[in-house]
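These are the residues of each chain, in order.
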Amino acid sequence: MSNINQIINVEIWQYVKYFYLLFIFIYVVFAAIIIRQIQLMVSTLNGTLDFPFKTISIIHFFVALIVFLLSIVVL
Amino acid sequence: MPEIYSATHHSSKLQNISPKKIALSQQIMKEIKADLSKFKKQPSIAFTAFPDKLKFETQESTEEIVILLRQHMITNFKWIVLVLAMSVIPIFLPFKNIFPMMPVRFVLMTNIIWYLLILAITLENFLSWYFNVNIITDERIIDVDFYSLIYKRISEAKIDNVEDVSYSQGGFLQAIFNFGTVNIQTAAEIPELEFENVPNPARIAKVLNQLKIQEEQEKIEGRVR
């Protein structure tokens, strides 16, 4: 009985792993869209904070990418 | 026949614009600048008068931004509280305690995903607040709205087309922090422009009326751009 439970447990975490990977992948896509969104916004209204916004969006994208790679390694 | 003579006489009058009349429209602009000087000296992010280093997409070379408006800072309160509350949840209520069966590697990734989610909420709300602006120039009123990640809508009306300006302030927060909604009825394609939750709505309504008078004066002086 305990063996069956163990197998079910392993199966569940396998599914959770795929769910996590999918979620983080969607987040990477979202981070890429944010870069485009900031480009659009800055072209509509450009002021003194254009460069910081663009930089933050690019850093955010790379953080998301690193998390995705980390999740592949860790999970 | 007398009408023809009087009409010719009238147009010749317009061509010989007296320096005194030219000064009148400029005088109104000076009054507006003097009224808003306090806001230029102490600019807030939500209400900036005559911003120096700011341009928008469709701005003409001779066009000057009079006021740049965003929703009052206090409107961000809700999502800031949400983000702060979400940030401390894993500290007081660790995921390991909620799901004791969860392997350590999954606990680590759940924490990372949780904070990514917080980052996404912060970014989206901040960007939406910062770039959803209302611009009043000496020629036009522009309402810039970003509805979703990549969809934007820009509505504008010429100051000449402004028919009626009204504002409303209701509720505890709006009364305390002096912000409200300015409604602008226009004769343009978009019949109404709405500046939601903007600071100093009474001042904005006053400036819009002054700009309308200034624009009418410019027309009389024959200096229409």
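Residues numbered from 1 in each chain as written. Chains lettered and ligands numbered in written order. Predicted model: local features only at pLDDT ≥ 70, side-chain atom pairs only at ≥ 80, totals over all residues. Heavy atoms only, no water.

**Thoughts on the overall build of chain B**
Counting its regular elements, chain B contains eight helices and nine strands. Across the 225 residues of chain B, 40% fall into the buried class. In chain B, 57% of the contacts between residues at least 6 apart in sequence involve partners at least 24 apart. (Helix = DSSP H or I, 4+ residues; strand = E, 2+ residues; numbered from the N terminus. Buried < 20%, exposed > 50% of the residue type's maximum accessible area, 1.4 Å probe, protein only. Contact = heavy atoms within 4.5 Å.)

**Observations concerning unusual backbone geometry**
Note: most residues except glycine have negative phi, and most peptide bonds are trans. Residues and elements named next belong to chain B. One non-glycine residue, F50, adopts positive backbone phi at about 45°. If you trace the backbone, F50 turns up in the loop between strand 1 (47-49) and strand 2 (55-56). Judged by relative accessible area, which is 6%, F50 ranks as buried. Within the chain, N200 stands out as a residue other than glycine whose phi angle is a positive 50°. Structurally, N200 is set in the loop between strand 9 (192-199) and helix 8 (201-221).

**Quick look at the interface of chain A and chain B**
A common way to state how big an interface is: give the accessible area lost once the parts meet. The interface is formed by 31 residues belonging to chain A together with 36 residues belonging to chain B. Connecting chain A to chain B are zero salt bridges. There are five residue pairs in polar contact (both at pLDDT 80 or more) connecting chain A and chain B. Elements with a contribution of two residues or more to the side of chain A that touches chain B: helix 1 (2-44), strand 1 (45-46) and helix 2 (50-74) of chain A. Top element by residues in the side of chain A that touches chain B is helix 1 of chain A. It accounts for 19 residues. Here the side of chain A that touches chain B is built from residues that sort into 20 nonpolar, nine polar and two charged. In terms of strand pairing, strand 1 of chain A meets strand 2 of chain B through two bridges, oriented antiparallel. For A:N46, the partnering residue across the bridge sits in strand 2 of chain B and is B:K55. (Salt bridge = Lys/Arg side-chain N within 4 Å of Asp/Glu carboxyl O. Polar contact = N/O pair within 3.5 Å; in protein donor to acceptor, adjacent residues only side chain to side chain. Nonpolar A, V, L, I, M, F, W, Y, C, P; charged D, E, K, R; others polar. Pairing = 2+ DSSP bridges.)

**Side note on the environment of B:N134**
Residue and element names in this part refer to chain B. Summarising the element assignment, N134 is placed in strand 4 (residues 134-137). Taking the C-alpha atoms as reference points, N134 and E196, separated by 62 residues in sequence, lie 9.1 Å from one another. Of the polar contacts made by the side chain of N134, one reaches the side chain of D143; its length is 2.8 Å.

**As for the pairing of strand 5 (residues 140-146) of chain B**
Residue and element names in this part refer to chain B. Taken across its seven residues, strand 5 has seven buried, putting it largely inside the fold. On strand 5, burial covers both faces: R140, I142, V144 and F146 on one face and I141, D143 and D145 on the other are all buried. The sheet contact formed by strand 4 and strand 5 spans three bridges and is antiparallel. Residue pairing across strands places I135 opposite I142, the latter belonging to strand 5.

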